Amino acid sequence: MLNEKAEIHHREEWLDSTFVNEVQAASEPMKLRGRKLKATLSFVAGTGFILFGYDQGVMSALLTANQFEKVFPEVKHPTLQSFLVAIYEIGCLSGALLTLVLGDKFGRKRTIALGACTTDTGCLIMTIGAIIQAASFSYAQIIVARIITGVGNGLNTSTVPAYHAECSPPHQRGSLIMIEGSLITLGIMISYWIDFAFFWASGSSAQWRAPIALQILFALIVAFALPLLPESPRWLMKVGRPAEALAVISALEDKPYTDSVVRTTFQAVKEAVTLEGSTVDKSDSSVKVSLSELFTSGRSQNFRRVALGVIIQCFQQITGINLITYYATILFERLGINDVKSRILAACNGTEYFLASLAAIFLIDRVGRRKLMLFGGIGQCLTMVLLAVLGSINNSAADIASAVLLFVFNSFFAVGWLGMTWLYPAEIVGLRMRGPANALSTASNWTFNFLVVMITGPAFQNISWGTYIVFAALNAFIVPIVYFFFPETAGRSLEDMDVVFALAYLEKVSPVAVSLRKDIPPAGSPEAERILGIRTGPVSGSEKTLPREVEDNKQIP
């Protein structure tokens, strides 16, 4: 009886003239649809990640540039050098945590806008930071400037992957977001070559000021292109704006809002909102997420899913990738290579890094997430072991082999882990928790990023090649954790993952095992609704479903 009423209500909503008028009104301002809209979305998201990569790589060659050392002699001390690089991560961490407060309140689009620009005042957070960095004349000034730049980048990197994932179809979501990962390496590559070009301006402070200032270009592109894009349909539904959500889904699919595909997607999103205790009623304030909900279990499995997002971002950093990204030029110089050749090798390393990352775009939806992470982890571990062995030998042949292995490590990382950690947290977490969870997972990234970058200088000074042994052990630790605890998300919609975790909970089995099955009903289907507890009836051989009001309030002790 309840199911019949729900279906009647659903049919009436589509026939309701007020709702139809709202959908049509929301559709009118959207000038872009279908491929053009998706391409623009990818362009804006990609530019944000090019900016991210550029910021990561630009300091690599500047740290040993003569003009930079002249203005900031403090960087000759390993700890102060590491602190200058790592303090950027503290700004990024602050921006990521700020998303906990602003992410669901402002929405995906406005939070990105805040990271690239504050639309109310016209100020550009990352641009302000870049301007202050480029104009710095003291160590303290550039430290403050890097924190400011980091705050803007933290806002963007906490929000862009979720925004892009929520606007992407399941069969393309992986490859589209892996493109963003590749664009991080494109930004790194550009920064390395820009650094090399300005290395020859050794008689002017433009040697380091110009490369830092050029990042402003990418921030401005994001700021001016963002108004062309709609808000995430899933966030719109979450805050009680279903007509706008339907209009956006229609525009993304480039089909009328009455089309069956559009209606199915709309219904699946609506069910996810209902399932997770959000609202499609503007008068309801339940859209606000309590942080205590992060620790709930039940069918939603919030704690497990948020923990996976936080852990995968931690794992990305403890692989040791930023040991190379931030210190590439210095690492080559440590191998006895002169400053010019070290910069050329660093730029070539960044170029190869970018090219290797392209392979992941074609593999991610064909091979799956788990296999690529395992492949990358094993390869990274073996590479670090070899770097440690060669470092202990310390002769010219070993140095050449070590230089090659720095390229090899980047290749394994680019395929297995580069874009994965921006994709996976957005996929694995339910809609209600997605904003806070992405903020926490990104905060995890920046926390461990800071840790790795901060200890790298002193570590090489004190234990030399033993540093590689530490990272080899950490990569070895990652592999079994991924194998036993990380479910597969390839080929499933964001709402399908709710079904995977709910079914695993009901059957009392690992979500990993359920995620690898082929018989999981798609979100929006009657069977999926029974699994999620929206409908009553038998689920997977069980004679009844658990009452949602009982199991949804379970918390992790």
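The paragraphs below set out a description of the structure included in this document. Everything numeric in this text was worked out from a predicted model, so none of it was measured.

1. Points about the overall build of the protein
A count of helices and strands for the protein gives 28 helices and zero strands. Scored against the burial criterion, the 557 residues of the protein give a buried share of 60%. The contacts of the protein with a sequence gap of at least 6 include a subset with a gap of at least 24, amounting to 80%.

2. Side note on helix α14 (residues 242–253)
Look at α14: 16 Å from first C-alpha to last across twelve residues, which is about the 16 Å you get at 1.5 Å a residue. The buried fraction of α14 is high, at ten of twelve residues. Looking one or two residues beyond α14, the residue adopting positive phi is Asp-254, at roughly 55 degrees.

3. A look at the nonpolar core
One finds Phe-68, Leu-84 and Tyr-468 to be the most contacted residues of the largest nonpolar core, which totals 121 residues. Ranked by residue count, the leading element in this core is helix α21 (residues 396–416), at nine residues. The residues contacting Tyr-468, other than those within four sequence positions of it, are Leu-323, Leu-331, Met-384, Leu-387, Ala-388, Leu-406 and Phe-460. Residues Val-20, Ala-247, Val-269 and Val-273 belong to the second largest nonpolar core, which totals 31 residues.

4. Looking at the pattern of salt bridges
For the structure shown, the criterion picks out nine salt bridges. A salt bridge links Asp-254 to Arg-33, with the shortest nitrogen-to-oxygen separation between them at 3.4 Å. Taken together, the positions of Asp-254 in the loop between α14 and α15 (260–275) and Arg-33 in the loop between α2 (17–27) and α3 (34–57) put the pair 221 residues apart, joining distant regions of the chain. By relative accessible area, which is 47% here, Asp-254 ends up partly exposed. Note on Arg-33: relative accessible area 28%, which makes it partly exposed. One salt bridge connects Arg-530 with Glu-527, and the closest N-O pair in it is separated by 3.4 Å. Of this pair, Arg-530 and Glu-527 both sit in helix α27 (residues 526–532), three residues apart, which is roughly one turn of that helix. On the basis of relative accessible area, Arg-530 is assigned to the partly exposed category, the value being 21%.

5. Brief notes about the packing of aromatic side chains
Inspection of the entire model under this criterion finds 20 aromatic pairs. Look at Tyr-54 and Phe-218: their rings are 5.8 Å apart centre to centre, the planes differ by 50 degrees, and that puts the pair in the tilted class. With Tyr-54 in helix α3 and Phe-218 in helix α12 (residues 216–225), the pair connects residues that are 164 residues apart, well separated along the chain. For the pair formed by Tyr-54 and Phe-218, the shared burial category is buried. For the ring pair Phe-460 and Tyr-468, a centre distance of 5.5 Å and an interplane angle of 75 degrees mean the geometry is edge-to-face. Judged by relative accessible area, which is 10%, Tyr-468 ranks as buried. Members of the aromatic cluster, connected to one another through ring pairs, are Phe-315, Trp-417, Tyr-424, Phe-477 and Phe-486. Taking the ring centre of Phe-137 as reference, the NZ or CZ of Arg-209 above it sits at 4.3 Å. Over the ring of Tyr-483 we find Arg-370, and its NZ or CZ is 5.4 Å from the ring centre.

6. Digging into the environment of Ile-361
Structurally, Ile-361 is set in helix α19 (residues 339–367). Given the relative accessible area of 15%, Ile-361 is considered buried. Residues Ile-361 and Ser-182 lie 179 residues apart in sequence; the distance between their C-alpha atoms is 8.1 Å. Once you skip the residues sitting within four places of it in the chain, Ile-361 turns out to touch Ser-175, Met-178, Ile-179 and Ser-182.

7. Overview of unusual backbone geometry
Phi at Ser-464 is positive, roughly 50 degrees, even though this residue is not glycine. Tracing the backbone through its elements, the reader meets Ser-464 in the loop between α23 (431–463) and α24 (466–485). Take Ser-464: its relative accessible area is 28%, and that puts it in the partly exposed class. In this model, Lys-508 sits at a positive phi of 55 degrees, which is unusual for a non-glycine residue. Mapped onto the fold, Lys-508 is located in the loop between α25 (496–507) and α26 (511–515). Given the relative accessible area of 72%, Lys-508 is considered exposed.

8. Topic: the side chain of Gln-67
Note that Gln-67 resides in helix α5 (residues 66–71). Contacts of Gln-67, omitting those with residues within four sequence positions, involve Ala-201, Ser-202, Gly-203, Ser-204, Ser-205, Gln-207 and Trp-208.

9. Observations regarding the packing of helix α8 (residues 125–134) against helix α11 (residues 206–213)
The N-to-C vectors of α8 and α11 enclose an angle of 180 degrees; their axes lie 8 Å apart at closest approach. Viewed along their axes, α8 and α11 adopt a mutual orientation that is roughly antiparallel. Residue-level contacts link Ala-130, Gln-133 and Ala-134 of α8 to Trp-208, Arg-209, Ile-212 and Ala-213 of α11. Here the contact of α8 with α11 is built from residues that sort into five nonpolar, one polar and one charged.

10. Quick look at the side chain of Asn-449
Checked against the element boundaries, Asn-449 lands in helix α23. Asn-449 gets classed as buried once you look at its relative accessible area, which sits at 0%. Those residues in contact with Asn-449 that lie beyond four places of it in its chain are Gln-56, Glu-89, Gln-317, Asn-322 and Tyr-326.

The rules behind each value
- Residues numbered from 1 in each chain as written.
- Predicted model: local features only at pLDDT ≥ 70, side-chain atom pairs only at ≥ 80, totals over all residues.
- Heavy atoms only, no water.
- Helix = DSSP H or I, 4+ residues; strand = E, 2+ residues; numbered from the N terminus.
- Buried < 20%, exposed > 50% of the residue type's maximum accessible area, 1.4 Å probe, protein only.
- Contact = heavy atoms within 4.5 Å.
- Expected span 1.5 Å × (residues − 1).
- Core = buried A, V, L, I, M, F, W, Y, C linked by side-chain atoms within 4.5 Å.
- Salt bridge = Lys/Arg side-chain N within 4 Å of Asp/Glu carboxyl O.
- Phe/Tyr/Trp six-rings, centres within 6.5 Å; stacked < 30°, edge-to-face > 60°.
- Lys NZ or Arg CZ within 6 Å of the ring centre and 35° of its normal.
- Axes fitted to C-alpha atoms, helices over the stretch in contact; angles between N-to-C directions.
- Parallel < 35°, antiparallel > 145°, perpendicular 65-115°, else oblique.
- Nonpolar A, V, L, I, M, F, W, Y, C, P; charged D, E, K, R; others polar.

Just distances and angles here, no functional claims.
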